[in-house]
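Next come the chains, spelled out residue by residue.
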Amino acid sequence: MSFLICLAALFFLMGIAYRGFSVILFAPVAAMGAVLLTDPAAVPVLFSGLFMEKLVGFLKLYFPVFLLGAVFGKLVEISGFARSIVGAVTGLLGEGRAIVAIVLVGAILTYGGVSLFVAVFAVYPFAAELFRRSRIPKRLIPGTIALGAFTFTMDTLPGTPQIQNIIPASFFKTDAYAAPWLGVIGALFVFAAGVAYLEWRRRRAGDEGYGEGHSNEPQAVEDRVVIHPAVAILPLLIVGIGNRLLLAWITGTYGDQASAALTPEMAANPVTVPIKTVAAIWAVQGALLAGILATVLLGFRNLAARFSEGSKAAVAGALLAGMNTATEYGFGAVIAALPGFKVISDALSAIPNPLINEAVTVNVLAGVTGSASGGLSIALAALSGRFIEAAQAAGIPLEVMHRVASMASGGMDTLPHNGAVITLLAVTGLTHRQSYGDIFAITIIKTVAVFVVIGVYYLTGLV
């Protein structure tokens, strides 16, 4: 019965999200409904002590990133920088390569360390402009951005700084470059298959064109000052490079923990922050601030008259995206606390092959929680000891276990209730009904890639 309660809550929220209802309203309904059917007396306790704690904890850590990312993306749009870069890309690759261009822009940002949530805000203005010029349906934008930002640069390419590639390192005592050959092979498979699928979808659309009457469209304005593409791309480079530099500086300067006391009274009980928890977040925030400042300085003449309205729209978008994702995070935490979740976890342990066992377990838990990092953390916290023991018995390097776990977390996590999916659709002004099918196709490709990598390892022994 407890297993069925978990599934009922999951499918209810997936159905609600797909039909376009607000997950901010229905995620707590789904979570508390599952608790009600398990133990009615626990509903108020878990609502305040778990759901709201996780929701607020997520916003505490990540809302500044959502806000700064939204402002940065909006300034790139209204400054005319997006139009300038799109013009340069179109001239370089040709308008027929618009999909590849947007995938590469998203990949460059996220592999450079920019959060995938930030990448959504930053890439959308480029995608909208380029797709409009190339007469590609807007409904293909979410799948294209998802391929560039949510897949091979999130957890597959060796060295990616995204959290999904960092979490396994602490369990398997590896590093971000674990199993580099398998990572590169997996990334090439996802990129090639994903682009082939999206290009097939573009061809099937025929003469449909970009479409009319869309919501949340980037402002179509005539630039007052012509901006050179080299100038327009500078803020993006500042964000990517600045993120790396600031991360190294923060960890080197503050060490493991930072404390501050502004008055003698505070000295006895200073404000203390564990640096490992916030270093990457601080680095992204600092890089985004630098990118925003650079955009304002370089595009001031175009921004001056549009900044007020643009910033209001950015703040509204950040609030919606942040709350959508935070409520999903709270939902996942409640589902993971239900007895039925342990039933699911224990049932998966019956798969004999260590790599397939790990891949399926992480994939399923990420799908149930609607979070790649959440499902990965839960799986490895509970089962990493078993995974390590099985790998050592089978002679499988732990670097391979790292890469498989990381890739599996980014497979079925992007079901309709996933926070990043909901954020992507909210930012682009599209619905699940219009665009989720393409996102799900990318999800399938990403899930298959994990088993392709496992097959390559067993056939070749490459690590």
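Residues numbered from 1 in each chain as written. Predicted model: local features only at pLDDT ≥ 70, side-chain atom pairs only at ≥ 80, totals over all residues. Heavy atoms only, no water.

*Asks:* How do you make sense of the side chain of Lys 138 when you look at a structure like this?
*Replies:* Inspection of the secondary structure puts Lys 138 in the loop between α6 (116-134) and α7 (141-149). A distance of 2.9 Å separates the side chain of Lys 138 from the side chain of Tyr 124, its partner in a polar contact. Once you skip the residues sitting within four places of it in the chain, Lys 138 turns out to touch Tyr 124, Tyr 210, His 214, Ser 215, Asn 216, Glu 217, Thr 428 and Leu 430. (Helix = DSSP H or I, 4+ residues; strand = E, 2+ residues; numbered from the N terminus. Polar contact = N/O pair within 3.5 Å; in protein donor to acceptor, adjacent residues only side chain to side chain. Contact = heavy atoms within 4.5 Å.)

*Asks:* Explanation requested: helix α9 (residues 163-172) in the structure shown.
*Replies:* In an α-helix, one turn spans 3.6 residues, which is why side chains three or four residues apart end up on the same side. Buried within α9 we find Gln 164, Asn 165, Ile 167, Pro 168, Ala 169 and Phe 172. Close packing links the buried residues of α9 with α8 (152-155), α17 (354-369), α18 (372-394) and α19 (398-409). Positive backbone phi, at 60 degrees, marks Lys 173, one or two positions downstream of α9. (Buried < 20%, exposed > 50% of the residue type's maximum accessible area, 1.4 Å probe, protein only.)

*Asks:* Help me understand the side chain of Asn 165 in this model?
*Replies:* The topology assignment puts Asn 165 in helix α9. Note on Asn 165: relative accessible area 0%, which makes it buried. Polar side-chain contacts of Asn 165 include one of 3.1 Å to the side chain of His 402. In this structure, Asn 165 is in contact with Met 154, Asp 155, Leu 157, Gly 159, Thr 160, Ala 176, His 402, Arg 403 and Ser 406, ignoring residues within four places of it in sequence.

*Asks:* When you look at the pattern of salt bridges in this model, what are you seeing that I'm missing?
*Replies:* Note that side chains of opposite charge can pair when their charged atoms are close. Scanning the entire structure with this criterion turns up nine salt bridges. The closest approach of N and O atoms between Asp 155 and Lys 446, which form a salt bridge, is 2.8 Å. Of this pair, Asp 155 sits in helix α8 while Lys 446 sits in helix α21 (residues 432-460), and the two are 291 residues apart along the sequence. Pair check on accessibility: Asp 155 and Lys 446 agree, each one buried. One salt bridge in this structure joins Lys 312 and Glu 309, with 3.7 Å as the shortest N-O distance. Taken together, the positions of Lys 312 and Glu 309, both in helix α15 (residues 307-337) and three residues apart, correspond to about one turn of that helix. Exposure remark for Lys 312: the relative accessible area of 52% places this residue in the exposed category. (Salt bridge = Lys/Arg side-chain N within 4 Å of Asp/Glu carboxyl O.)

*Asks:* Just to check I follow, could you spell out the packing of helix α2 (residues 23-38) against α15 for this structure?
*Replies:* When two helices pack together, their arrangement is given by the angle between the helix axes and the distance between those axes. Closest axis-to-axis distance for the α2/α15 pair is 9 Å, and the angle between their directions is 10 degrees. The orientation of α2 with respect to α15, classified from their angle, is roughly parallel. For the pair formed by α2 and α15, the contact residues are Val 23, Ile 24, Ala 27, Ala 30, Ala 31, Met 32, Ala 34 and Val 35 on the first element and Leu 320, Met 323, Asn 324, Thr 327, Glu 328, Phe 331, Val 334 and Ile 335 on the second. Of the residues in the contact of α2 with α15, the class split is 13 nonpolar, two polar and one charged. (Axes fitted to C-alpha atoms, helices over the stretch in contact; angles between N-to-C directions. Parallel < 35°, antiparallel > 145°, perpendicular 65-115°, else oblique. Nonpolar A, V, L, I, M, F, W, Y, C, P; charged D, E, K, R; others polar.)

*Asks:* What should I look at first to understand empty space enclosed by the protein in this one?
*Replies:* The gaps left among the atoms become clear once a water-sized probe is rolled over them. If you walk through the whole model with that rule in mind, you get three cavities of 30 Å³ or more. Approximately 60 Å³ is the volume found for the second largest cavity. Contributing to the lining of the second largest cavity are Ala 146, Phe 150, Thr 151, Gly 410, Asp 413, Thr 414, Ile 439, Ile 442, Thr 443 and Lys 446. Counting residues per element, the lining of the second largest cavity draws most heavily on α21, which supplies four residues. For the lining of the second largest cavity, a count of residues per class yields four nonpolar, four polar and two charged. (1 Å grid on protein atoms, 1.4 Å probe; cavity = no way out; pocket = protein on both sides within 12 Å on 5 of 7 lines; lining within 4 Å. Points joined across faces, edges and corners; volume = space filled by probe spheres on them.)

*Asks:* For this particular structure, what's the right way to read a nonpolar patch on the surface?
*Replies:* Together, Val 231, Ile 233, Leu 234, Leu 237, Ile 241, Leu 245, Leu 293, Leu 297 and Leu 298 make up an exposed nonpolar region whose accessible area comes to about 800 Å². Contributions of two or more residues to the nonpolar patch are made by α12 (234-254) and α13 (275-298). Among the secondary structure elements, Leu 234 is positioned in helix α12. (Patch = residues over 30% accessible without salt bridge, like charges linked within 9 Å, V, L, I, M, F, W, Y side chains within 5 Å. Areas by Shrake-Rupley, 256 points an atom, 1.4 Å probe, with all protein chains shown as cover.)

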